[in-house]
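Each chain, letter by letter, is given below.
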Amino acid sequence: MMPKRTKTRNRRKTVDGMKKVDDVVLKGAKPNDIIIPVMGPTGFGKSTFINAAVGKVVTPVGHELQMCTQHIQHAICECPGDPFRRVVLVDTPGFDDTLMSDTEILRRVAVWLTSSYGDGMKLAGVLYLHDISQPRMFGKLRRNLDMFRRLCGENAKKNVILATTKWSDIDAGVGERREEQLESKFWREMVENGSQVVRFDGSHGSAWDVINHILANNAAVDTARTQEERLDFGRTTKWKGQDRIKKVDDVVLKGARPNDIIIPVMGLTGIGKSTFINAAVGKDTTPVGHDLPSCTQHIQHAICACPGDPSRRVVLVDTPGFDNTFIKDSEILRRIAVWLASSYADNMKLAGVLYLHDISQSRMFGTSYRNLDMFRRLCGENAEKNVVLVTTKWNDVGAGVGERREQQLKDNFWKEMVKNGSQVDRFDGSHGSAWDVINHILANNAAAVDAVRIQEELVDLGRMIPETDAGTTLRAALKEVAEVHRRAVERLKGKVGNDEQRQRLKETEKEIRELLKQIQELKVPLGMGIKSWFGLG
């Protein structure tokens, strides 16, 4: 179990990462407040319910086509029978809003819940409102209900009140049949798990009849425990999202030791990562590619004793490079992400990261630039002080030319990273040179990386790969490449005259289909987004 202080700190980091300037949170809460969020689809009477309970208009009610509640709002009133306690009703935006995406609404609800948890508050229960005048359980209503159920979690359903509204808009017999259908079909599982069904007729007394179900239940402690389970973004011994990301043949580091010095070696395909590792170890432990096809396709480890301290091991991690011959970039990102998240979940810290660049390249091509941007998003700004930027293949370029290129890298493409503490070094292909590079990390080992960005995102924040900074960056890069290919196809279509041109057109169209497939894989389905936000993976 993670210490409470660490959990709180991780939650606070999570909230800070999600918050925006205009987000509303509950200030000045009292320890014995009875906090009740009121949720449900847009236009189902949440604001009306709260105003009826308070006895005056405290939250605006929408009567136009455009949705009314767009921010979290609070209404506070005395608790009947105990004037020393307050009932805090929380008016939430409804899903399927005219002006906001469901994702933005979820973010606002998530910020409020995590903020309330971090401030030590406990939910007494949750009200979920449903408009009984709706003639069908439309798809959007079912999706909304599913979101709500997943948001609450299984254990909290006994603290949920399912309240039907707008009874005056429908014949009583029709309403009763619909209520029965809700209980027996759509709400059946929730009712079996302890949720109660009540009616709200629009009056002050009816509103308090609904609230009294929660007051009588008096199960705030159980609800708070569920809230902790749903919203504990702190790292545990298990990475909660691994089942939906990992594959059977994924490589992870087994038998790691607490004092291992773990150093991933990253960079584009063909840049010399395997060559560097073999030079450091002093023998061929990872295959080196000399042909056009990419060589490294899976994560590989090379282990050797630490010079000066043979009781410790240096673990060099050979990673597949982007722009691989056989593997699409989205799969490369997944493999690297799985390795990093798995090691982090097993409490293995990285000593640092090596990023290799081929100095013989005459230009900083688009692929190289995109790969560097991906690397930075994957690491995060805070980890850049533990990065060593290593130039390779000095034998393939004149010394003067190489030095000018190295300076251009420092002054332009690597400028921000160097400013953030990254070091620059050269690898000349020898064993000694490899250890000169590694020694930069060993000398800085007291300041090991707490976590690179993608580790925090996947393990601490429970995100999916498409939601990570690296995932969104790769998606944007693939869209750019797909657009370039699309324009090329348009040009080729008007010039196809021989078999060679037809074959070229066919291959380009195939590449576009592959790119679009990767882009689709890197999109975040809304339902999966809900799961990851609330730790339901």
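Residues numbered from 1 in each chain as written. Predicted model: local features only at pLDDT ≥ 70, side-chain atom pairs only at ≥ 80, totals over all residues. Heavy atoms only, no water.

Participant: Help me understand the overall build of the protein, please; the structure alone is not making it clear to me.
Facilitator: When helices and strands are tallied, the protein shows 18 helices and 12 strands. In the protein, which comprises 537 residues, the proportion classed as buried is 50%. In the protein, the share of contacts with a sequence separation of at least 24, taken over all contacts with a separation of at least 6, comes to 74%. Of the roughly 25600 Å² of accessible surface on the protein, 48% is carried by carbon and sulfur atoms. (Helix = DSSP H or I, 4+ residues; strand = E, 2+ residues; numbered from the N terminus. Buried < 20%, exposed > 50% of the residue type's maximum accessible area, 1.4 Å probe, protein only. Contact = heavy atoms within 4.5 Å. Areas by Shrake-Rupley, 256 points an atom, 1.4 Å probe, with all protein chains shown as cover.)

Participant: Is there a simple way to explain the packing of helix H10 (residues 329–345) against helix H15 (residues 453–460) in this structure?
Facilitator: Relative orientation and spacing of two packed helices are given, respectively, by the angle between their axes and the distance between those axes. In contact at an axis separation of 9 Å, H10 and H15 are set at 75 degrees when each is read in the N-to-C sense. As far as their axial angle goes, H15 and H10 are roughly perpendicular. Judged by residue contacts, Leu333, Ala337, Leu340, Ala341, Ser343, Tyr344 and Ala345 of H10 engage Ile454, Gln455, Glu456, Leu458, Val459 and Asp460 from H15. Its residues placed into classes, the contact of H10 with H15 shows nine nonpolar, two polar and two charged. (Axes fitted to C-alpha atoms, helices over the stretch in contact; angles between N-to-C directions. Parallel < 35°, antiparallel > 145°, perpendicular 65-115°, else oblique. Nonpolar A, V, L, I, M, F, W, Y, C, P; charged D, E, K, R; others polar.)

Participant: Would you mind going over the sheet that holds strand E9 (residues 309–318) with me for this structure?
Facilitator: The sheet built from six strands is open, its strands ordered E8-E9-E7-E10-E11-E12 with mixed pairing. With partners counted over all chains shown, the strands left at the sheet margins are strand E8 (300–306) and strand E12 (423–426), one partner each. When the angles between neighbouring strand axes are averaged without regard to direction, this sheet yields 25 degrees. Alignment of strand E7 (residues 261–267) against strand E10 (residues 353–358), held across three bridges, turns out to be parallel. Its bridge partner being in E10, Gly267 is matched across the sheet by Leu356. This element, helix H9 (residues 273–281), spans E7, E8, E9 and E10 of the sheet and lies at about 165 degrees to E9. Across the sheet, helix H12 (residues 399–413) is in contact with E10, strand E11 (387–392) and E12; its angle to E12 comes to roughly 165 degrees. (Pairing = 2+ DSSP bridges.)

Participant: Help me understand the environment of Asn193 in this model?
Facilitator: Within the element layout of this structure, Asn193 appears in the loop between helix H6 (188–192) and strand E6 (196–199). For the pair Asn193 and Val160, spaced 33 residues apart in sequence, the C-alpha to C-alpha distance is 9.7 Å. A distance of 3.0 Å separates a polar side-chain atom of Asn193 from the backbone oxygen of Glu189. (Polar contact = N/O pair within 3.5 Å; in protein donor to acceptor, adjacent residues only side chain to side chain.)

Participant: Looking at this model, I keep getting lost on helix H5 (residues 172–186). Mind explaining?
Facilitator: For the α-helix, the turn length of 3.6 residues means that residues three or four positions removed from each other point alike. Here H5 spans 20 Å end to end across 15 residues, near enough to the 21 Å set by a 1.5 Å rise per residue. Taken together, the buried positions of H5 are Gly175, Glu179 and Leu182. Down the axis of H5, the sector holding all buried residues measures 60 degrees, keeping them to one side. Opposite the buried face of H5, by more than 90 degrees, sit the exposed residues Arg177 and Lys185. Those residues of H5 that are buried lie in contact with strand E4 (126–131), strand E5 (160–165), H6 and E6. Measuring from the backbone nitrogen of Gly173 back to the side-chain oxygen at the start of H5 gives 3.0 Å, which picks out Asp171 as the cap. (Expected span 1.5 Å × (residues − 1). Arc of directions from axis to C-beta.)

Participant: Quick question: what am I supposed to make of the pattern of salt bridges here?
Facilitator: With the rule as written, the count across this model stands at 11 salt bridges. In this structure, the salt-bridge partner of Arg376 is Glu416, at a minimum N-O distance of 3.4 Å. In this pair, Arg376 sits in helix H11 (residues 366–379) while Glu416 sits in helix H13 (residues 415–419), placing the two residues 40 residues apart along the sequence. Between Arg426 and Glu406 there is a salt bridge, with the nearest N and O atoms lying 2.8 Å from each other. Placement of Arg426 in strand E12 and of Glu406 in helix H12 is noted, with a sequence separation of 20 residues between them. (Salt bridge = Lys/Arg side-chain N within 4 Å of Asp/Glu carboxyl O.)

Participant: Even after reading the chapter, I still don't get the state of the cysteines, so can you show me in this structure?
Facilitator: In protein structure, a disulfide is the covalent linkage between the sulfur atoms of two cysteines. Going through the model one piece at a time under the given rule, you end up with zero disulfides. Left without a disulfide partner, Cys77 is nearest to the cysteine sulfur of Cys79, which lies 8.3 Å away. For Cys77, a relative accessible area of 13% gives the class buried. When its relative accessible area of 9% is taken as the criterion, Cys79 is described as buried. (Disulfide = S-S within 2.5 Å.)

Participant: Just to check I follow, could you spell out the environment of Thr319 for this structure?
Facilitator: Structurally, Thr319 can be placed in the loop between E9 and H10. Here the alpha-carbon distance between Thr319 and Gln300, two residues 19 residues apart in the chain, equals 6.7 Å. In terms of polar contacts, Thr319 uses its side chain to reach the backbone carbonyl oxygen of Val265, at 2.8 Å.

Participant: Where do I start with unusual backbone geometry in this structure?
Facilitator: Among all residues except glycine, the phi angle is most often negative; among peptide bonds, the trans geometry is most common. At Lys166, a residue that is not glycine, the phi angle is positive and equals roughly 65 degrees. By secondary structure assignment, the location of Lys166 is in the loop between E5 and H5. Lys166 gets classed as partly exposed once you look at its relative accessible area, which sits at 29%.

Participant: Is there a simple way to explain the sheet that holds E5 in this structure?
Facilitator: Strand pairing in a sheet relies on backbone hydrogen bonds. The paired strands run either parallel or antiparallel. Pairing in this open sheet of six strands is mixed, and the strands run E2-E3-E1-E4-E5-E6 from one edge to the other. The sheet terminates laterally at strand E2 (73–79) and E6, the two strands that pair on one side only. The average undirected angle you get between the axes of adjacent strands in this sheet is 25 degrees. Sheet topology note: the strand E1 (residues 34–39)/E4 ladder contains two bridges and is parallel. Residue Val38 lies in a different strand from E4, and its bridge partner there is Leu127. Where helix H2 (residues 46–54) meets the sheet, its contacts fall on E1, E2, strand E3 (82–91) and E4, and the angle it forms with E3 comes to roughly 165 degrees.

Participant: Whenever I open this one, the side chain of Asp131 confuses me. Can you help?
Facilitator: Among the secondary structure elements, Asp131 is positioned in strand E4. Taking relative accessible area as the criterion, Asp131 reaches 4% and is therefore assigned buried. A polar contact is formed between the side chain of Asp131 and the side chain of Ser133, at a distance of 2.6 Å. In this view, Asp131 contacts Phe44, Thr165 and Lys166; residues no more than four positions away in its chain are not counted.

Participant: Could you clarify how one ought to interpret the environment of Leu515 in this entry?
Facilitator: Examined against the element boundaries, Leu515 turns out to sit in helix H17 (residues 499–521). The exposure class of Leu515 is buried, given its relative accessible area of 9%. Placed 186 residues apart in sequence, Leu515 and Asp329 show a C-alpha to C-alpha distance of 9.4 Å. Apart from the residues lying within four places of it in its own chain, the contact partners of Leu515 are Leu478, Val481, Ala482 and His485.

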